[in-house]
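Here is what each chain is made of, one letter per residue.
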Amino acid sequence: MSYVQRSERSGFYNKTNIPVLKDLSDHDRVIIEVVTYVFLCGGISIFGIVSNVVNMAIFFKQGLRTTMNISFFSLAISDVCSLVTLFWFSLCMNPLFENSNVPFISREIQYLTGGWPSFCFARITSFITSYITAERCLCIISPLKVKHIITPKRTLVTIVFIYIFIFLSTVPEYASSYISWKHHPIRNQSVLGLVFYPNRKDIEGLGFVLNAILGTFSYILIILFTIILVCKLRQENKCPTKNCIKPDKPELVSNRKKAVNMVLIIAVISIVCSTPCIIFSLVSFFEPEFSILGGYCNIFHVVWSFGFLFTGINSSVNAILYYQMSSKYKKSFHDMFLGKYRINSLVLKDNSRLSNSLKHFHSIGFQTFLPDVNKQNET
């Protein structure tokens, strides 16, 4: 079932131009969406939600006193929200859930309750990633002034501004559509579904335009800061004495490079995973038929299923990077989740050593009290 029936779409679009491409059939679209949304996005969402909750717990335990911890904690919040809404999105796309006689049309409800919220939080993740990358650039370009330029208070204000600004960019979409009761022809009853205001045709593409502009802007920022990071790292490798850390502290140099490399990998993953959504948003702007109500609606939904899949991957892999590349994160993870196990293992290990020692001394002591059998035989 489509988000909106084809008869309803034709009411919005009295097309005079025949589409150049042939749209996918509803059957093919449903099969592809079940694979991408239900299985792939659903599984990735569950893993990502758990891993980002762990990230939030670890960064909160470490303390939100540094700019990096504040940024990573905020990044984990946006990732959790994006993945929770993506999981709801995948649940609504499940045919079993759709046909379970729920009092709403799941494929229509998810558009405003799952699709756009997930899209919104993905944009927030992108901007926070660009901010983190910019901070690492300043650490290399101006290491002695970065603490005065980027403070924890300024970081918090910037992140709050990012959240509010991205939320406001979704106003046009929610101003042209809403959820209300409508008649379902197959069920022959009233159910909750997606309803459009009469001005939908005039402002439909505005939400996609704003998100395309914002997504492209953050995309360019991440690429720019990533290039700067790579260039500065190469310069440091050639002239390591130019950095602000004294050469007699190699462990600090190593930790600093690990932090920069970790941010660099996060930025590269964000670039790769954001590329499909940027392309799809731009296509929606230049091709009106590539929309929820257009002539290419099935292609629109299918390609966006892969866009959401890449978005879910981008929001789920950070915990793996933190664990592999941050010794502080790994230590906090072990202390939080493996502390009791490590203590018990150490106790068992000490007990085994003690028992072995007792056996050794017992055998020695026992032998001292035994008579020498050979000497007795000789006598």
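Cut-offs used in this document
Residues numbered from 1 in each chain as written. Predicted model: local features only at pLDDT ≥ 70, side-chain atom pairs only at ≥ 80, totals over all residues. Heavy atoms only, no water. Helix = DSSP H or I, 4+ residues; strand = E, 2+ residues; numbered from the N terminus. Contact = heavy atoms within 4.5 Å. Areas by Shrake-Rupley, 256 points an atom, 1.4 Å probe, with all protein chains shown as cover. Salt bridge = Lys/Arg side-chain N within 4 Å of Asp/Glu carboxyl O. Buried < 20%, exposed > 50% of the residue type's maximum accessible area, 1.4 Å probe, protein only. Pairing = 2+ DSSP bridges. Core = buried A, V, L, I, M, F, W, Y, C linked by side-chain atoms within 4.5 Å. 1 Å grid on protein atoms, 1.4 Å probe; cavity = no way out; pocket = protein on both sides within 12 Å on 5 of 7 lines; lining within 4 Å. Points joined across faces, edges and corners; volume = space filled by probe spheres on them. Phe/Tyr/Trp six-rings, centres within 6.5 Å; stacked < 30°, edge-to-face > 60°. Lys NZ or Arg CZ within 6 Å of the ring centre and 35° of its normal. Axes fitted to C-alpha atoms, helices over the stretch in contact; angles between N-to-C directions. Parallel < 35°, antiparallel > 145°, perpendicular 65-115°, else oblique. Left-handed = near helix turned anticlockwise from the far one by under 90°.

**Q** Is there a simple way to think about the overall build of the chain in this case?
**A** Along the backbone of the chain there are 15 helices and two strands. Considering only intrachain contacts with a sequence separation of at least 6, the fraction spanning at least 24 residues in the chain is 77%. Entry remark: accessible area of the chain is about 20400 Å², with carbon and sulfur atoms responsible for 68%.

**Q** Help me out: how do you make sense of the pattern of salt bridges in this one?
**A** Side chains that carry opposite charge are capable of pairing whenever their charged atoms lie near each other. For the structure shown, the criterion picks out five salt bridges. Measuring nitrogen to oxygen at the nearest pair gives 3.1 Å for the salt bridge that ties R107 to E98. We note that R107, like E98, is buried. One network of salt bridges, with partners in common, ties together R29, E33, E98 and R107.

**Q** What am I meant to see in the pairing of strand β2 (residues 189-196) here?
**A** Successive residues of a regular strand alternate their side chains across the two faces of the sheet. In terms of strand pairing, strand β1 (residues 177-184) meets β2 through eight bridges, oriented antiparallel. Of the residues in β2, the one forming a bridge with S180 is G193. Hairpin connection from β1 to β2: four residues lie between these consecutive antiparallel strands, with N188 at a positive phi of about 60 degrees.

**Q** Any chance you could explain the nonpolar core here in plain terms?
**A** Nonpolar side chains in soluble globular proteins tend to end up buried together. Core analysis: the largest hydrophobic core is formed by 34 residues, its most contacted members being F72, I124, I128 and Y322. For this core, the secondary structure elements donating two or more residues are α2 (26-62), α3 (67-92), α5 (106-141), α7 (152-169), α9 (200-238), α10 (250-286) and α12 (318-325). If we ignore the near neighbours within four places in the chain, the residues touching I124 are S78, I162, Y163, I166 and F167. Y37, V38, F280 and I292 belong to the second largest nonpolar core, which has 26 residues in total.

**Q** What exactly am I supposed to notice about empty space enclosed by the protein here?
**A** Using a probe with the size of a water molecule, rolled over the atoms, empty space left in the structure can be pinpointed. All chains considered together, the criterion is met by three cavities of 30 Å³ or more. Size it by volume and the largest cavity reaches roughly 150 Å³. Lining of the largest cavity is provided by 13 residues; of these, Y111, G115, F300, W304 and F308 occupy positions nearest its centre. Elements with a minimum of two residues in the lining of the largest cavity: α5 and α11 (297-316). Ranked by residue count, the leading element in the lining of the largest cavity is α5, at five residues. Estimates place the volume of the second largest cavity at around 90 Å³. As for the second largest cavity, its lining consists of A122, R123, T125, S126, C273, S274, C277, T311, N314 and S315. Breaking the lining of the second largest cavity down by element, the ones donating at least two residues are α5, α10 and α11.

**Q** How do you make sense of the packing of aromatic side chains when you look at a structure like this?
**A** What describes a pair of aromatic rings is the distance from one ring centre to the other and the angle between the planes of the rings. Under the criterion given, the structure shown has 25 aromatic pairs. Between the aromatic rings of F60 and F73, the centroid separation amounts to 6.4 Å while the plane-to-plane angle is 40 degrees, which identifies the pairing as tilted. Taken together, the residues F60 in helix α2 and F73 in helix α3 connect sequence positions 13 residues apart. Here the aromatic residues Y37, F89, W116, F119, F280, F290, F300, W304 and F308 are joined through ring pairs into a cluster of three or more. A cation sits over an aromatic face here: K330 above Y323, 5.1 Å from the ring centre.

**Q** Looking at this structure, how should I read the side chain of S45?
**A** Structurally, S45 can be placed in helix α2. For S45, a relative accessible area of 0% corresponds to the buried category. Those residues in contact with S45, other than ones at most four positions away along the chain, are L83, L86 and F87.

**Q** Explain the packing of α3 against α7 to me, please; I cannot follow it from the model alone.
**A** Look at α3 against α7: their axes get within 9 Å of each other, and the N-to-C directions meet at 20 degrees. The orientation of α3 relative to α7 falls into the category roughly parallel. Of the two possible hands of crossing, α3 and α7 adopt the one that is right-handed. Contact residues: α3 offers T67, I70, S71, S74, I77 and S78, while α7 offers P152, T155, I159 and Y163.

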